[in-house]
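Okay, here's what each chain looks like letter by letter:
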Amino acid sequence: MNFEEKLNKGFELLQEKDIDYALDVARELQKEFPDAHEAWYLEALLMQQLNQWDHSQKAIEKAIELSDENAPYYNLRGNVRMQLEKLDEAEKDFDKAIEINDSSAAHRNKVLLMLMSDRGQKAIPYLIQRIKNDPKDAENWILMGDMIQKGGQPDKARTYYEQALKIDPDNEYAQRQLEGED
């Protein structure tokens, strides 16, 4: 197998939750191709699955060192830093991911960070603006539904979940949210 095939196999194993074997693939790729940032990214994702935040951070920092203009890498490091309660650093990573390619995932994580750091009043207008800018992103509609649901307005939240399903009819999370109300 060549590099791409091995890397794809590693990501498939991650999807299948075969963490040990996927980690073997990541480490093998790192040995064979020491400058392959993707192998370090794979390891960072695997360590995140295991809640090994310090290991995940080391791996994603190596990936960023090798490829420093990759939005998913900054978004992942931001996630790790949120878990480690390094919220200011996490926000800088999300901002960098947004700067690189207007990462939707980083925007959503920034909203979550605002909620975690008692800036919920800023989170709602930020998310509303994201929905206006990208109305076809079902995840934004779901996040708004979750926020409204937690705010005690289930009927209003329902409309956001329904909109998400219009965009992504197979979204299991939105389906479960609507089924849970009946």
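Residues numbered from 1 in each chain as written. Predicted model: local features only at pLDDT ≥ 70, side-chain atom pairs only at ≥ 80, totals over all residues. Heavy atoms only, no water.

> I tried to follow the overall build of the protein on my own but got confused; where do I start?
Helix and strand counts for the protein stand at 11 helices and zero strands. When the helices and strands of the protein are read in sequence order from the N terminus, they spell out α-α-α-α-α-α-α-α-α-α-α. Considering only contacts in the protein between residues 6 or more positions apart, those separated by 24 or more positions represent 43%. Per element, the accessible surface of the protein, about 10300 Å² overall, is 45% carbon and sulfur. Charge centroids of the protein, computed over 24 positive and 38 negative side chains, lie 5 Å from each other. (Helix = DSSP H or I, 4+ residues; strand = E, 2+ residues; numbered from the N terminus. Contact = heavy atoms within 4.5 Å. Areas by Shrake-Rupley, 256 points an atom, 1.4 Å probe, with all protein chains shown as cover. Lys, Arg positive; Asp, Glu negative; His and termini not counted. Charge placed at Lys NZ, Arg CZ, Asp CG, Glu CD.)

> Is there a simple way to explain the side chain of Asn140 in this structure?
Topologically, Asn140 is positioned in helix 9 (residues 138-150). Judged by its relative accessible area of 1%, Asn140 falls in the buried class. Excluding residues within four positions of it along the chain, Asn140 makes contact with Arg108, Leu127, Arg130, Ile131 and Asp134. (Buried < 20%, exposed > 50% of the residue type's maximum accessible area, 1.4 Å probe, protein only.)

> What is the right way to read the packing of helix 9 against helix 10 (residues 154-167) from this model?
When two helices pack together, their arrangement is given by the angle between their axes and by how far apart the axes lie. In the contact formed by helix 9 and helix 10, the axes pass within 8 Å of each other and the chain directions differ by 165°. Classed by the angle they form, the pair helix 9 and helix 10 counts as roughly antiparallel. The chirality of how helix 9 crosses helix 10 is left-handed. Packed against helix 9, whose contacting residues are Ala138, Trp141, Ile142, Met144, Gly145, Asp146, Ile148 and Gln149, the element helix 10 presents Pro154, Lys156, Ala157, Tyr160, Tyr161, Gln163, Ala164 and Ile167 at the interface. (Axes fitted to C-alpha atoms, helices over the stretch in contact; angles between N-to-C directions. Parallel < 35°, antiparallel > 145°, perpendicular 65-115°, else oblique. Left-handed = near helix turned anticlockwise from the far one by under 90°.)

> Honestly, the packing of helix 8 (residues 120-133) against helix 9 in this entry has me stumped. Any pointers?
With their axes 10 Å apart at the nearest point, helix 8 and helix 9 run at an angle of 150° to one another. By the angle between their directions, the pair helix 8 and helix 9 is classed as roughly antiparallel. Handedness of the helix 8/helix 9 crossing: left-handed. Between helix 8 and helix 9, the residues in contact are Ala123, Ile124, Leu127, Ile128, Arg130 and Ile131 and Asn140, Trp141, Leu143, Met144 and Met147, respectively.

> Any chance you could explain the environment of Gly145 here in plain terms?
By secondary structure assignment, the location of Gly145 is in helix 9. The sequence separation of Gly145 and Tyr161 amounts to 16 residues, and the corresponding C-alpha distance is 5.9 Å. When residues no more than four places from it in sequence are discounted, the contact partners of Gly145 are Ala157, Tyr160 and Tyr161.

> Looking at this structure, how should I read unusual backbone geometry?
Peptide bonds are, in most cases, trans, and in most cases residues other than glycine have a negative phi. Phi angles above zero are rare outside glycine, and Glu85 is one such case at about 60°. Residue placement: Glu85 occurs in the loop between helix 5 (71-83) and helix 6 (87-101). Looking at Glu85, the relative accessible area reads 67%, which means it is exposed. In the Ramachandran plot, Asp102 falls in the positive-phi region, its phi being about 55° despite a non-glycine side chain. As for its placement among the helices and strands, Asp102 is situated in the loop between helix 6 and helix 7 (104-116).

> Explain the side chain of Asn70 to me, please; I cannot follow it from the model alone.
Inspection of the secondary structure assignment puts Asn70 in the loop between helix 4 (53-66) and helix 5. Under the relative-accessibility criterion, Asn70 is labelled buried at 18%. With residues near it in sequence (within four places) discarded, Asn70 still touches His37 and Ile100.

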